[in-house]
Amino acid sequence: MTRLFRVAVATLAFSVSSLSLAADNFTLRLAQTWGPNSPILGETVQHMADMAETMSNGRLKIRIDASNKHKAPFGIFDMVRNGQYDMGHTASYYYKGTIPNAMYFTTVPFGMTAPEQYAWFYYGDGMELMQKVYKPFGLLSFPGGNTGNQMGGWFRKEINSVDDLKGLKMRTPGFAGEVMSELGVAVTNLPPGELYTALERNTIDALEWVGPALDFPMGFHQIAKYYYSGWQEPGAEVQFLVNEKTWNKLPADLQEILRVAMRTAAYDMYIQSTHESGVAWANMKEEYPDVTHKVFPPEVIEALRAATHKLLEQEAQKDELAREIITSQRDYLKQVRQWTNISDKAYLDSVAGQ
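Residues numbered from 1 in each chain as written. Predicted model: local features only at pLDDT ≥ 70, side-chain atom pairs only at ≥ 80, totals over all residues. Heavy atoms only, no water.

(A) Expanded view of the side chain of Gln232. As for its position among the elements, Gln232 is in the loop between strand S9 (226–228) and strand S10 (237–243). Gln232 sits in the buried class, given a relative accessible area of 1%. Of the polar contacts made by the side chain of Gln232, one reaches the backbone oxygen of Met151; its length is 2.8 Å. With residues up to four places along the chain from it excluded, the contact list for Gln232 reads Thr107, Val108, Pro109, Gln150, Met151, Gly152, Ala176 and Glu208. (Helix = DSSP H or I, 4+ residues; strand = E, 2+ residues; numbered from the N terminus. Buried < 20%, exposed > 50% of the residue type's maximum accessible area, 1.4 Å probe, protein only. Polar contact = N/O pair within 3.5 Å; in protein donor to acceptor, adjacent residues only side chain to side chain. Contact = heavy atoms within 4.5 Å.)

(B) Up close: the side chain of Asn243. Assignment of secondary structure puts Asn243 in strand S10. Relative accessible area serves as the criterion here: at 7%, Asn243 is assigned to the buried category. Only 2.8 Å separates the side chain of Asn243 from the backbone oxygen of Val80, close enough to count as a polar contact.

(C) Structural context of the sheet that holds strand S4 (residues 139–146). Pairing in this open sheet of 5 strands is mixed, and the strands run S2-S1-S3-S10-S4 from one edge to the other. The sheet terminates laterally at strand S2 (60–65) and S4, the two strands that pair on one side only. Pairwise comparison of adjacent strand axes, ignoring direction, gives a mean angle of 25 degrees for this sheet. Strand direction decides the pairing type here: strand S3 (residues 87–90) and S10, joined by 4 bridges, are antiparallel. In the strand pairing of S10, Met87 is matched with Val242. Docked against the sheet, helix H2 (residues 41–55) engages strand S1 (26–32), S2, S3, S4 and S10, running at close to 160 degrees with respect to S2. The strands that helix H5 (residues 114–123) touches are S4 and S10; relative to S4, the one it contacts most, it runs at about 155 degrees. (Pairing = 2+ DSSP bridges. Axes fitted to C-alpha atoms, helices over the stretch in contact; angles between N-to-C directions.)

In structure tokens:
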């Protein structure tokens, strides 16, 4: 049990004596994309469920099924929409084939960092726009945890030019996959449990998963030695999906308890990811000194940036809601990045090398 979890339960729990509570008990079923005992991602779901049960004095229980149980890691959207499950924990960009506008709520290449994105969700237009996308499917979507800035991936060979990307077989999901395809990469999306085997068997030449906290346990460093910093997911937000009919059946106090539990668990995932990645990277450098950290050359970054802008403009032109989301994110980033630049970035730049 994390310190944040204990504090959240202590400070956010509703007093039974001070509320007029319904006597009904509810058990919700949740399907997650992740496998059993998945670090950080799976822990986030369990923290949320524990908080909801504690704060509701046992009236709200959430039963979690990992991907080995339901056998559909990328089927969470459909299972929750169809009522097979009441809730889900997944990433919205996995479903861009069904609802293209969902992918913007995970992350956008060259877009907002995690703090900027959370600000957009809760104090900008983010939550309103996200519900506009999911409402036609009878779903509610809530931020479900952020990994922070993700790494650009594991590569068997160095990337020195845009030509080195052409024909490369790589696992990378979401809008980043569209951008990579634009530059000639053969993009595929595989569930987490298949990534190591695909890399080991040369089914793919490269992959990006998350960052040291989740990459190190997967063993990618044993096969691909070049570890690139990212551009594609500056603040990758997963999501809690809730079937709207299920939500409407809950009493108002349990809705609020669930809302608080999801929001608190999401924040806890962000700070846990930061902690665990720091620990994992230190261990990786010590235990596997042949792993080489790289950044993409300026030529590659500029090509990726140009392709990103081109594809975003195309999406904005062909879909009104996409245009609304893209414009909102772009305008918000333009404003908030000024503050990030004179605060976090200026601080890091000024103390570099210390």
